[in-house]
Amino acid sequence: MTEVIAGIRVPDSEIARAATQLVRDTQDNLLYNHSRRVFFWGALTGKRLRLEHNPELLYLGAMFHDMGLTERYSSPDLRFEVDGANAARDFMKSYGVSERDIEEVWTAIALHTTPGIPEHMRPTIALVTAGVEMDVLGINYHVFSHEHRHDVCACHPREANFKENIIDHFAEGIKKKPETTFGNVKSDVLALRDPNFKRVNFCSIILNSAWPS
């Protein structure tokens, strides 16, 4: 039976169902519910802004966007966003998805923590980031109606301590490779959660490079 939540229909294709099951089997409840909410916030944003988009690609981007935080898909040396994007790429290839669509989902996931760029790109890329920003940062919270917020969260609840817990999930997923946080927002996570974390300074790298001047 097709799900409709807050007026948004969840894709019911074979690949979408398989993605749901994979994420359900791989992620804990917090990340699973978060990923589903990201899809609905992204789809509602697309509806509000009248952005024509492929719901299936948006769904895959939302569902895989935090897969790189899981032990199963985490690499030893890549940004967790890239790990999630690579997981989505491999999954989509196994279903014969076109290279263009794979690239769009890959980029949406890889850039979802890079503010200021995705909103200028193709709809899937823009809307995955919009969904993440709504759910984690509360950006445009009041633009969404009370009814829509209630309906989505009734089906996919935010834990009572979601704000602290999502930060903990970020920290747990990246603490073994702190160098991957250079130049991105996740350095703030380790600065908060890891007392031994030392930020890499961009200007120091320039000034201490091998160039004589």
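Going by the structure above, here's the rest.
In this text the structure is predicted, and so the values were computed from the model without any measurement.

Engineer: Would you explain the nonpolar core in this entry?
Structural biologist: One recurring pattern in soluble globular proteins: nonpolar side chains tend to sit buried together. Formed by 43 residues in total, the largest nonpolar core has its most connected members in Phe39, Phe40, Leu60, Phe64, Phe91, Met92 and Val105. Each residue touching Phe91, except ones within four places of it in the same chain, is listed here: Ile15, Ala18, Ala19, Leu22, Leu60 and Phe64. Listed in part, the 12 residues of the second largest apolar core include Leu31, Leu69, Phe162 and Phe170.

Engineer: What's the story with the packing of helix 4 (residues 80-93) against helix 5 (residues 99-110) in this structure? I'm lost.
Structural biologist: Any two packed helices are characterised by the angle at which their axes cross and by the distance between the axes. It is at 8 Å that the axes of helix 4 and helix 5 come closest, and there the two elements cross at 160°. What the angle tells us is that helix 4 and helix 5 run roughly antiparallel. Once helix 4 is placed against helix 5, the crossing between them reads as right-handed. Facing Glu81, Val82, Gly84, Ala85, Asn86, Ala88, Arg89, Met92 and Lys93 of helix 4, the residues of helix 5 in contact are Glu99, Asp101, Ile102, Val105, Trp106, Ile109 and Ala110.

Engineer: Mind showing me how you'd approach helix 4 here?
Structural biologist: Since the α-helix turns once every 3.6 residues, residues separated by three or four places project in the same direction. The end-to-end C-alpha separation of helix 4 is 20 Å, in line with the 20 Å expected for 14 residues at 1.5 Å each. Those residues of helix 4 that fall on the buried side of the exposure criterion are Phe80, Glu81, Asp83, Gly84, Ala85, Asn86, Ala87, Ala88, Phe91 and Met92. Turning to helix 4, the residues buried within the fold contact helix 1 (14-26), helix 3 (55-64), helix 5, helix 8 (162-174) and helix 9 (186-193).

Engineer: What am I meant to see in the pattern of salt bridges here?
Structural biologist: Between side chains of opposite charge, a pair can form when the charged atoms approach closely. By the definition in use, this model includes 13 salt bridges. Residue Arg17 is joined to Asp12 by a salt bridge in which the shortest nitrogen-to-oxygen separation is 3.6 Å. By relative accessible area, which is 40% here, Asp12 ends up partly exposed. Each of Arg37, Asp135 and Arg158 takes part in salt bridges that share partners, so that together they form one network.

Engineer: When you look at the environment of Glu3 in this model, what are you seeing that I'm missing?
Structural biologist: Turning to its location among the elements, Glu3 is positioned in the segment before strand 1 (4-5). Taking the C-alpha atoms as reference points, Glu3 and Phe64, 61 residues apart in sequence, are found 19 Å from one another. Not counting residues up to four positions away in its chain, the partners in contact with Glu3 are Ile8, Arg9, Val10 and Arg36. Side-chain polar atoms of Glu3 contact the side chain of Arg36, separated by 2.8 Å.

Criteria and thresholds
- The written sequence of each chain sets the order in which its residues are numbered from 1.
- Selection of residues for local features in this predicted model requires a pLDDT of at least 70, selection of side-chain atom pairs for listing and counting requires 80 or more, and totals for whole chains, interfaces and linings are taken over all residues.
- In computing side-chain values, all of the structure's heavy atoms are included and hydrogens and water are not.
- The set of buried Ala, Val, Leu, Ile, Met, Phe, Trp, Tyr and Cys residues whose side-chain atoms join them within 4.5 Å is what this entry labels a nonpolar core.
- For every residue, the accessible area obtained with a 1.4 Å probe (protein chains only) is divided by the maximum for its type, and the residue is called buried under 20%, exposed over 50%, and partly exposed between those limits.
- Two residues form a contact once any of their heavy atoms are found within 4.5 Å.
- Every axis corresponds to a line fitted to the C-alpha atoms, with the helix fit spanning only the stretch in contact, and the corresponding angles, defined between N-to-C directions, vary from 0 to 180 degrees.
- Secondary structure follows DSSP: runs of H or I at least 4 residues long count as helices, runs of E at least 2 residues long count as strands, and numbering of each begins at the N terminus.
- The labels follow the angle: roughly parallel below 35 degrees, roughly antiparallel above 145, roughly perpendicular from 65 to 115, and oblique for the rest.
- A crossing counts as left-handed when the near helix is turned anticlockwise from the far one by less than a right angle, and as right-handed when that turn is clockwise.
- Expected span of a helix, by definition, is 1.5 Å for each gap between consecutive residues, and there is one gap fewer than residues.
- By definition here, a salt bridge exists when the distance from a side-chain nitrogen of Lys or Arg to a carboxyl oxygen of Asp or Glu is within 4 Å.
- Whenever a nitrogen or oxygen atom comes within 3.5 Å of another N or O atom, the pair is scored as a polar contact, on the condition that within protein one atom can donate a hydrogen and the other can accept it, and that pairs from neighbouring residues in sequence are kept only if both atoms are in side chains.

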